[in-house]
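The primary structure of each chain is shown beneath.
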Amino acid sequence: MYKCSFVSSLIYLTERCVTNCDDETISSSIVASLPNINRLVLCFIIRFLQIFCKPEIIRVTKMDMNNLAMVWAPNFLRCPSNEPKIIFENTRKEMTFVRTLLNSFDTEFMEGVK
């Protein structure tokens, strides 16, 4: 029973991320709703990736925000469907969600955390 409830909440969370992928306010509230340790890990990674979104870094790495979102989205979100069409549609929205966090999520409170 616990596992089913846990899986249901993950599916609900993924659906919220995909449905509101380009809404900065809702994306931030989704992150805020995560359990503390998960929120801190996500914020740390987003803060780290935001450093790589600076123009001087992009010139060296050739990895802009879109490329970083494409690479990292599957690590943050996983489509619960087995339907290829739905997975394909969600992939772009998952990338948009990560790009929204990279572009607008305030991670300043993570400054100095190692």
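Going by the annotation in an unreviewed UniProt entry, the name recorded for the chain is Rho GTPase-activating 39-like isoform X2, with Paramuricea clavata given as the source organism.

### Concerning the overall build of the chain
Looking only at helices and strands, the chain has six helices and zero strands in total. Across the chain, helices and strands are ordered from the amino to the carboxyl terminus as α-α-α-α-α-α. Here the C-alpha radius of gyration of the chain, 15 Å, is about what a compact globule of 114 residues would show, namely 13 Å. In terms of overall dimensions, the chain has a C-alpha envelope of 50 × 30 × 20 Å along the principal axes. By the burial criterion, 29% of the 114 residues in the chain qualify as buried. Across the chain, the fraction of contacts at a sequence separation of at least 24, relative to all contacts at a separation of at least 6, is 63%.

### A few points about the state of the cysteines
Enumeration over the complete set of coordinates arrives at zero disulfides. Distance from the sulfur of Cys17, which forms no disulfide, to the nearest cysteine sulfur (Cys21) is 9.5 Å. On the basis of relative accessible area, Cys17 is assigned to the buried category, the value being 3%. Left without a disulfide partner, Cys79 is nearest to the cysteine sulfur of Cys17, which lies 12 Å away.

### What to know about the layout of surface pockets
Its volume calculated, the largest pocket comes out at about 690 Å³. In this structure, the largest pocket is lined by 27 residues; those nearest its centre are Leu10, Leu13, Leu34, Asn38 and Phe76. When residues of the lining of the largest pocket are traced back to their parent elements, those giving at least two are helix H1 (2-19), helix H2 (24-32), helix H3 (36-51), helix H5 (65-76) and helix H6 (84-104). Element by element, the count of residues in the lining of the largest pocket is highest for H1, at 10 residues. Considered class by class, the residues forming the lining of the largest pocket number 20 nonpolar, five polar and two charged.

### Section: the nonpolar core
Of all hydrophobic cores here, the largest spans 21 residues; its most connected members are Val31, Ile46, Phe97, Leu101, Leu102 and Phe105. Those elements giving two or more residues to this core turn out to be H2, H3, H5 and H6. Among the elements that make up this core, the one with the highest residue count is H6 (five residues). When neighbours within four sequence positions are excluded, Phe105 is seen to be in contact with Ser28, Val31, Cys43, Ile46, Gln50 and Thr100.

### Brief notes about the confidence of the model for the chain
Mean pLDDT over the chain: 90, with 93% of residues reaching 70 or higher. Confidence, read as mean pLDDT per element, is least for H1 in the chain (74) and greatest for helix H4 (residues 55-61) (96).

### Remarks on H5
Look at H5: 15 Å from first C-alpha to last across 12 residues, which is about the 16 Å you get at 1.5 Å a residue. Among the residues of H5, Leu68, Ala69 and Ala73 are the ones counted as buried. The arc enclosing the buried residues of H5, seen along the axis, measures out at 130°, which places them on a common side. Those residues of H5 that are buried are in contact with H3 and H6.

About the criteria used
Residues numbered from 1 in each chain as written. Predicted model: local features only at pLDDT ≥ 70, side-chain atom pairs only at ≥ 80, totals over all residues. Heavy atoms only, no water. Helix = DSSP H or I, 4+ residues; strand = E, 2+ residues; numbered from the N terminus. Rg over C-alpha atoms; globule rule 2.2 N^0.38 Å. Buried < 20%, exposed > 50% of the residue type's maximum accessible area, 1.4 Å probe, protein only. Contact = heavy atoms within 4.5 Å. Disulfide = S-S within 2.5 Å. 1 Å grid on protein atoms, 1.4 Å probe; cavity = no way out; pocket = protein on both sides within 12 Å on 5 of 7 lines; lining within 4 Å. Points joined across faces, edges and corners; volume = space filled by probe spheres on them. Nonpolar A, V, L, I, M, F, W, Y, C, P; charged D, E, K, R; others polar. Core = buried A, V, L, I, M, F, W, Y, C linked by side-chain atoms within 4.5 Å. pLDDT = per-residue confidence, 0-100. Expected span 1.5 Å × (residues − 1). Arc of directions from axis to C-beta.

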